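Each chain, written out:
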Amino acid sequence: MRTERIETVVIGSGFGGAVAAARLVDSGVPVTLLERGPWRDTAPLANADLPSTAPLPSGRHFPTHVLRRASIAGRTVNLHRDGLFDIHLQRELSLVCSSGVGGGSHVYSAMNVRPAVAGFWGGHHEAVDDAVMEPHYRWILSQMGSRPVADMDTRVPNWIGSDNVPGWMTLDGVEQPALGLDPARGQFARNSFFGSRDGNKVTLDERLLLPRLGKGLQVRDRHEVLDIARTNEGLRLTVHDHGSGHRRVLLAGRVLLAAGTLNSLKLLFASRARGSLCGMPALGLGIGGNGDVPAWWACREPRRDYRAGPPSHGRFTLVDFDDCPDLTRYGFNGLPAPLSWMLRRDLVLVGMGADEANGLARWHRGRLLFAYNGAANPVLARIHRAFDEISRRSGRPVRFLRHNPLTVHPLGGARMGQDLRTSVVNADGEVHGVPGLYVCDASALPAAPGSPPSMSIAAWAGHVAATLTQATTNLNANLEGGHAA
Ligand SMILES: Cc1cc2nc3c(=O)[nH]c(=O)nc-3n(C[C@H](O)[C@H](O)[C@H](O)COP(=O)(O)OP(=O)(O)OC[C@H]3O[C@@H](n4cnc5c(N)ncnc54)[C@H](O)[C@@H]3O)c2cc1C
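Cut-offs used in this document
- Residues numbered from 1 in each chain as written.
- Predicted model: local features only at pLDDT ≥ 70, side-chain atom pairs only at ≥ 80, totals over all residues.
- Pairing = 2+ DSSP bridges.
- Helix = DSSP H or I, 4+ residues; strand = E, 2+ residues; numbered from the N terminus.
- Near = placed C-beta within 6 Å.
- Nonpolar A, V, L, I, M, F, W, Y, C, P; charged D, E, K, R; others polar.
- Buried ≥ 20, exposed ≤ 12 C-beta atoms within 10 Å, placed from the backbone.
- Expected span 1.5 Å × (residues − 1).
- Arc of directions from axis to C-beta.
- Contact = placed C-beta atoms within 7 Å.
- Core = buried A, V, L, I, M, F, W, Y, C linked by C-beta atoms within 7 Å.

Asks: It is not clear to me how the sheet that holds strand β24 (residues 406-407) should be interpreted in this structure. Could you clarify?
Replies: Consider a sheet: its strands pair through backbone hydrogen bonds, and that pairing is either parallel or antiparallel. Taken together, the 5 strands give an open sheet; going across it, the order is β4-β3-β5-β6-β24, and neighbouring strands pair in mixed fashion. One side of each edge strand has no neighbouring strand; the edge strands of this open sheet are β4 (75-78) and β24. Bridging between strand β6 (residues 94-98) and β24 involves 2 bridges; their strand directions are parallel. In the strand pairing of β24, leucine 95 is matched with threonine 407.

Asks: What's the story with the site of the ligand in this structure? I'm lost.
Replies: With respect to spatial proximity, 40 residues lie near the ligand, and among them Gly12, Gly14, Gly103, Gly104 and Ser454 are the closest. Put simply, the parts of the chain that give the shell around the ligand at least two residues each are β6, β13 (223-231), α5 (260-273) and α8 (454-484). Across the shell around the ligand, the residue classes break down as 19 nonpolar, 17 polar and 4 charged.

Asks: I keep staring at unusual backbone geometry and nothing clicks. Help me out?
Replies: Across the chain, the bulk of peptide bonds are trans and the bulk of non-glycine residues have phi less than zero. One non-glycine residue, asparagine 158, adopts positive backbone phi at about 65°. By the C-beta count within 10 Å, which is 23 here, asparagine 158 ends up buried. One non-glycine residue, alanine 357, adopts positive backbone phi at about 45°. Mapped onto the elements, alanine 357 comes out in the loop between β20 (347-352) and β21 (359-364). Judged by C-beta crowding, with 23 C-beta atoms within 10 Å, alanine 357 ranks as buried.

Asks: Sorry if this is basic, but what is going on with the environment of aspartate 323 here?
Replies: Take aspartate 323: it is sitting in the loop between β18 (312-318) and β19 (326-330). Residue aspartate 323 is classed as exposed on the basis of its 9 C-beta neighbours within 10 Å. As a C-alpha pair, aspartate 323 and isoleucine 383 span 60 residues in sequence and 9.7 Å in three-dimensional space.

Asks: Looking at this structure, how should I read helix α7 (residues 378-394)?
Replies: Structurally, the α-helix is built with 3.6 residues per turn, so residues lying three or four positions apart point the same way. An ideal rise of 1.5 Å per residue puts 24 Å on 17 residues; α7 measures up with 25 Å between its terminal C-alpha atoms. Residues of α7 that are buried include every one of Val379, Leu380, Ile383, Ala386, Phe387 and Ile390, and no others. Along α7, the residues classed as buried sweep out an arc of 120° about the axis, all on the same side. Buried residues along α7 sit against β17 (293-297), β18, β19, β20 and β23 (398-399). Just beyond α7, the residue with positive phi is glycine 395, at close to 70°.

Asks: What's the story with the sheet that holds β23 in this structure? I'm lost.
Replies: With respect to topology, 6 strands assemble into an open sheet ordered β8-β18-β19-β20-β17-β23, the strand pairing being antiparallel. Strands with a single pairing partner mark the edges of an open sheet, and in this sheet they are β8 (169-170) and β23. In this sheet, β23 lies alongside β17 in antiparallel orientation, the contact comprising 2 bridges. Its bridge partner being in β23, tryptophan 297 is matched across the sheet by valine 398.

Asks: Teacher, can you tell me more about the nonpolar core here?
Replies: The nonpolar side chains of a soluble globular protein tend to be buried, and buried together. Ranked by size, the top nonpolar core spans 129 residues in total, and within it Ala20, Ala21, Val255, Leu257, Cys440 and Ala461 carry the most contacts. Top element by residues in this core is α8. It accounts for 9 residues. Beyond its immediate stretch of four places on either side in the chain, valine 255 contacts Val9, Ile11, Ile228, Leu235, Leu237, Gly436, Leu437 and Tyr438.

Take a look at the structure:
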């Protein structure tokens, strides 16, 4: 196999990878981005000169394109190379993530917020705090065009702020999230957890990657990294090209890993088990689900169709209910016709709050397994109480998995910190003891932000790219200085 040499490789194109790649390219660093999924067939990409795109799961494509990979207790089945979701089912902790150029931005509900936990970035490493991260939040929020619905010059259907909510619910004192939507493009009704064909939801592929193609950025879609090995010449990546069916080997000067918590941990554990990488004694520590509890509220509101809004309808709280967690409501958008019709008058509820991120990921006979104790994360019980109360007050059932945590916000396992024994990466995102390997996705988060995490992941990736380019600039300046002397 011929080995190709590349200076800077980014693995994954979600909030970590797309931001890192864009920020590096803007600083003059050429980047090759490897993404296992395809470019998605959406309106903003219609005129782009891309070799191929794949449909989002809708209509006849729903059954084939909804799942890429499913794993039950770590045993994995590959379903469709262009499928949108990976689902990892395990009694202790189940999780969902996505695949495709743009990563989680296709499936997320576009809530763009800062951490709910005050001083979130402080206390993990002396070189990182909220002030250091603030410019990176500002950058990504402006790129996504994030703004509160109140500032959008159009009516947002089913937005909770313009809805008649029952008297036992209130929006008073609740800060509504900014949304990364472009109301001028497409219809809210076609914007869902299954993607936004019209481009109503702003996604990372069109916003950050497309404009930089050929200007320092090369994106290789359907390229899945299978192994990362440290060698004397650099980091050797073994890559499966799903387009041609061939394996390739790349030798990189530096690699920014951003395959998302589930897949970054798989890659690091599997590479270590093969002997390609070594060290990382804290790999797998600090797993959290960001306190997520999703639920189905069978409220059966007469004469309502909740599918018409954006996926997130906004936040609410309960009147006279102490210590109410963060509660958000959503419609059942994007499901195949008979199901979405049946569920049109029902709502999805999600409770969220900072959990302790005290879970553990481990590698056992080629399988990634999570240990996560719901009882040791009191925020979950707080959310369960709120859901029980909604059920009682509304007289309609709120159904959720009380004993089997399920999250769409997995984080940790390769967390940032000062100490090799408790963290995997340092303040620059570089893996302790593996020069040139950086982690810049949700797995590096040092704790749970307690609010939707995409902007925090993007801010971390922005910080990693900025410190890396600063280090490169300093190195070049020193070399030039030395040369001149
Ligand atoms: C249904 C849903 C709703 C959500 N709503 C919100 C929300 O409103 N607000 C919010 O802030 N967050 C939300 N999130 C969470 C948010 O999407 C994630 O936290 C975020 O996308 C994680 O970013 P990441 O960069 O860590 O990983 P991802 O965005 O998952 O990106 C990882 C990328 O790496 C690719 N990849 C994986 N393995 C490999 C490999 N071996 N080789 C090459 N490429 C690989 C994947 O295909 C993927 O594209 C939601 C998530 C879901 C599932």
